[in-house]
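# Topology and contacts: notes
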Amino acid sequence: MSALDDNITKLNGYLERFRAHGTPNRIAGQDVAGARGVFQTHTPVDKSVICDVAHGTAADIDRAARAAAAAFADWRDMPAKQRRDLLIRIADGIEARAEEIALCECWDTGQTIKFMSKAALRGAENFRYFADQVGGARDGQHLPSPTLMNVTTRVPIGPVGVITPWNTPFMLSTWKIAPALAAGCTVVHKPAEASPLTARLLVEIAEEAGLPPGVLNTVNGYGEEAGKALCEHPLIRAIAFVGESRTGSQIIRQGADTLKRNHLELGGKNPVIVFDDADLDRALDAVIFMIYSINGERCTSSSRLLVQDTIRADFEARLIERVSKIKVGHPLDPETEIGPLISAEHFDKVTGYFDIARADGATVAAGGTTVGDEGYFVRPTLFTNATNDMRIAQEEIFGPVLTSIPFATEEEALSLANDTAYGLTGYVWTNDLTRALRFTNRLEAGMIWVNSENVRHLPTPFGGVKASGIGRDGGDWSFEFYMEQKHVGFATGQHKITRLGAS
Ligand code: NAD
């Protein structure tokens, strides 16, 4: 049996329960049918139905928010060691079911097993990392003044909403839910409607690990209905959101009346800048990896290549050769490097840019075609002869599509790199140290890597500037979002209190 057939057999085993029972909402430790019945989720591999999904509404969100509010005090007050041990058991549970998570995720999203097997394990790492931070999460400062002993402490903000996208849903969910739980918050999670399966697996694993009912609740549904209701709910204190920039604006609007704290991780049109003094072999590998892995459906992808004109012809030629050899195929085949795009709508959006590129005067140097008609497959695509004002250089395509733009000088590279509404990541390839220092200092991005692809280190801050987001994840930054600072001043003696009405 081939590795692909083997994976398909295993997948069918894992899908049986979804086919029989769908993905109901999970509220207060109970399966709850969606108030509006069900909708169906399809696989982008062959467009077939995977299963029914609970169609949650504002009524389901209300029930989940109440459950999260009811569970909050006990969860907040659970001793740190007990909470830590529980989060570690969740990490163990994720590892034990990593294969099931990875196969279901691939079938639901079209992501390849090559990358998703690691995504499940990174989800476990997120729980393990934040479990280790629980002990110090509430620590504060001692800030004495002449008359007071001032102390600070951090307390969890309360029940929070987590709204996640479809691109790497399991990993992204754990990235938000692990620190929220570690901080002592309870959670209502609204997964993306296009990829609900692994959110169900996560809540199951968490409950099996001993998470009390109501601490993590999952409500499926559409963004404009269930997601909106979550943002508007008065019992929900904060929203951690990952998704498109224009949805981010809606999240702020929807939360305005209840004064929500929002953390927004949004889109990107990230530049990778390759100077002629760089290690061009490594730069080439990184350029290819950062746009064509994860189907290019990756917020941190380097979708704009800014390449110095002195090396442009050779670099683009090598790029075309490699891109043309990237393997597009069934996502459960371990050899496959690019699977299908998530949905018909997204497929239309991505392929639409092939014509837009031509109409605007760019060259389709590689790809620019679809593959078969069974699923939503496209060839990895490279646009050359582009300028930074073209739509293919300004708009987030969110697929395996790279736009190459030449530059002559460092100043021009910087100006092109910053000439975008977004500011999530930037990648700089040069062996000139002082240039790297100058360039990173002026590059408008939340995260920058020099002579490296994106390598995530959990204690570092993750997030964007401009239209790419507000707020940071990672390390203690996550706790700053899910917790409130509290100050208490204790009088150390009988200092003078100004007396009114006493004369
Ligand atoms: P999306 O904004 O369409 O949807 C994201 C989530 O928001 C889904 O669960 C959706 O149901 C929900 N939603 C939609 N409208 C809503 C509303 N009015 N109120 C509340 N919730 C609502 O994004 P997507 O298409 O699922 O994901 C792709 C986008 O996510 C890309 O722009 C990508 O760059 C971004 N992304 C960003 C990061 C990051 O860390 N910066 C990571 C991954 C993806």
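Quick caveat: nothing in here was measured; it's all calculated off a predicted structure. (Residues numbered from 1 in each chain as written. Predicted model: local features only at pLDDT ≥ 70, side-chain atom pairs only at ≥ 80, totals over all residues. Heavy atoms only, no water.)

### Some words on the overall build of the chain
Helix and strand counts for the chain come out as 16 helices and 21 strands. Its C-alpha radius of gyration of 24 Å places the chain within 12% of the 23 Å reference for a compact globule of 503 residues. In terms of its C-alpha atoms, the chain occupies a principal-axis envelope of roughly 85 × 60 × 35 Å. Of all 503 residues assigned to the chain, the portion counted as buried reaches 57%. Here the analysis covers contacts within the chain between residues at least 6 apart in sequence; of these, 74% occur between residues at least 24 apart. Here the chain has roughly 20100 Å² of accessible surface; of this, 52% comes from carbon and sulfur atoms. Of the charged side chains in the chain, 51 are positive and 63 negative, and the gap between their average positions amounts to 7 Å. (Helix = DSSP H or I, 4+ residues; strand = E, 2+ residues; numbered from the N terminus. Rg over C-alpha atoms; globule rule 2.2 N^0.38 Å. Buried < 20%, exposed > 50% of the residue type's maximum accessible area, 1.4 Å probe, protein only. Contact = heavy atoms within 4.5 Å. Areas by Shrake-Rupley, 256 points an atom, 1.4 Å probe, with all protein chains shown as cover. Lys, Arg positive; Asp, Glu negative; His and termini not counted. Charge placed at Lys NZ, Arg CZ, Asp CG, Glu CD.)

### What to know about the domain arrangement of the chain
For interface size, the figure often reported is the accessible area lost on association. Under the domain assignment used here, the chain contains domain 1 (3-266) and domain 2 (271-450). Placing a centre on the C-alpha atoms of domain 1 and another on those of domain 2 gives a separation of 31 Å. On the domain 2 side, the residues contacting the 27 residues of domain 1 number 28 residues. Buried surface at the junction of domain 1 and domain 2, summed over both partners, amounts to about 2300 Å²; 68% is from carbon and sulfur atoms. (Domains from an automatic or database assignment. Buried area = accessible area lost by both parts, 1.4 Å probe.)

### Details of the environment of Ala33
Mapped onto the elements, Ala33 comes out in the loop between strand 2 (30-32) and strand 3 (38-42). The exposure class assigned to Ala33 is exposed, which follows from its relative accessible area of 61%. Spatially, the C-alpha atoms of Ala33 and Ala183 are 30 Å apart, while their sequence positions differ by 150 residues. Excluding its chain neighbours within four sequence positions, the residues that come into contact with Ala33 are Asn25 and Asp60.

### Regarding unusual backbone geometry
The phi dihedral of Phe398 is positive, around 60 degrees, even though this residue is not glycine. Within the chain, Lys466 stands out as a residue other than glycine whose phi angle is a positive 50 degrees. Along the polypeptide, Lys466 turns up in the loop between strand 19 (447-450) and strand 20 (469-470). Among the residues examined, Lys466 registers a relative accessible area of 37% and is labelled partly exposed.

### Considering the site of the ligand
In the vicinity of the ligand, 29 residues are found, and the nearest of them are Lys190, Glu193, Thr247, Leu266 and Glu396. Lys190 is positioned with one of its side-chain polar atoms (N or O) 2.7 Å from an oxygen atom of the ligand. Between the ligand and Gly223, the relevant distance is 3.3 Å, taken from an oxygen atom to a main-chain nitrogen or oxygen of the residue. Considered on its own, the ligand offers 850 Å² of accessible surface; in the complex 93% of this is hidden by protein. Among the elements of the structure, helix 8 (223-232), strand 9 (238-242) and helix 9 (245-254) are those that each provide at least two residues to the shell around the ligand. Its residues assigned to classes, the shell around the ligand shows 14 nonpolar, 9 polar and 6 charged. (Near = heavy atom within 4 Å. Polar contact = N/O pair within 3.5 Å; in protein donor to acceptor, adjacent residues only side chain to side chain. Nonpolar A, V, L, I, M, F, W, Y, C, P; charged D, E, K, R; others polar.)

### Quick look at the pattern of salt bridges
A full pass over the atoms with the stated rule returns 37 salt bridges. Across the pair Arg84 and Asp85 runs a salt bridge, and its minimum N-O distance is 3.0 Å. The class for Asp85 is partly exposed, based on a relative accessible area of 25%. Between Lys190 and Glu193 there is a salt bridge whose closest N-O contact spans 3.2 Å. Among the residues examined, Lys190 registers a relative accessible area of 2% and is labelled buried. (Salt bridge = Lys/Arg side-chain N within 4 Å of Asp/Glu carboxyl O.)

### Some thoughts on the side chain of Thr41
Looking at the element boundaries, Thr41 is found in strand 3. Looking at Thr41, its side chain comes within polar contact range of the side chain of Asp108, at 3.3 Å.

### Considering the nonpolar core
Within the largest apolar cluster, 100 residues are counted, with the highest numbers of intra-cluster contacts made by Ile90 and Phe127. For this core, the two domains that each supply at least three residues are domain 1 (3-266) and domain 2 (271-450). Excluding residues that lie within four positions of it along the chain, Phe127 makes contacts with Leu87, Ile90, Ala91, Ile94, Thr174, Ile177, Ala178, Leu181 and Leu202. Counting residues in hydrophobic clusters, the runner-up holds 29 residues, among them Ile356, Phe407, Val428 and Leu443. (Core = buried A, V, L, I, M, F, W, Y, C linked by side-chain atoms within 4.5 Å.)

### A closer look at the environment of Arg154
Locating Arg154 in the fold gives a position in strand 5 (residues 148-156). Distance in space between the C-alpha atoms of Arg154 and Asp360 is 53 Å, their sequence separation being 206 residues. For Arg154, the residues in contact, after removing those within four places along its chain, are Gly136, Ala137, Arg138, Asp139, Asp476, Phe479, Glu480, Met483, Glu484 and Gln485. A polar side-chain atom of Arg154 sits 2.9 Å from the main-chain carbonyl oxygen of Ala137. A polar contact is formed between the side chain of Arg154 and the side chain of Glu480, at a distance of 2.9 Å.

### Brief notes about the sheet that holds strand 12 (residues 304-308)
As summarised here, the arrangement of the 7 strands in space is 13-16-17-12-11-18-19, forming an open sheet in which the pairing is mixed. Each of the sheet's edge strands pairs with one partner strand only, and the pair in question is strand 13 (363-366) and strand 19. Taking each pair of neighbouring strands and ignoring which way they run, the sheet shows an average axis angle of 25 degrees. Here helix 12 (residues 344-360) sits on the sheet in contact with strand 13, strand 16 (381-384) and strand 17 (401-407), set at roughly 20 degrees to strand 16. On the sheet, helix 14 (residues 410-418) packs against strand 11 (271-274), strand 12 and strand 17 and is oriented at approximately 145 degrees with respect to strand 17. (Pairing = 2+ DSSP bridges. Axes fitted to C-alpha atoms, helices over the stretch in contact; angles between N-to-C directions.)

### Focus: a nonpolar patch on the surface
There is a patch of nonpolar side chains on the surface, built from Met149, Val488 and Phe490 and spanning about 230 Å² of accessible area. Note on placement: Phe490 falls in strand 21 (residues 483-491). Judged by relative accessible area, which is 42%, Phe490 ranks as partly exposed. (Patch = residues over 30% accessible without salt bridge, like charges linked within 9 Å, V, L, I, M, F, W, Y side chains within 5 Å.)

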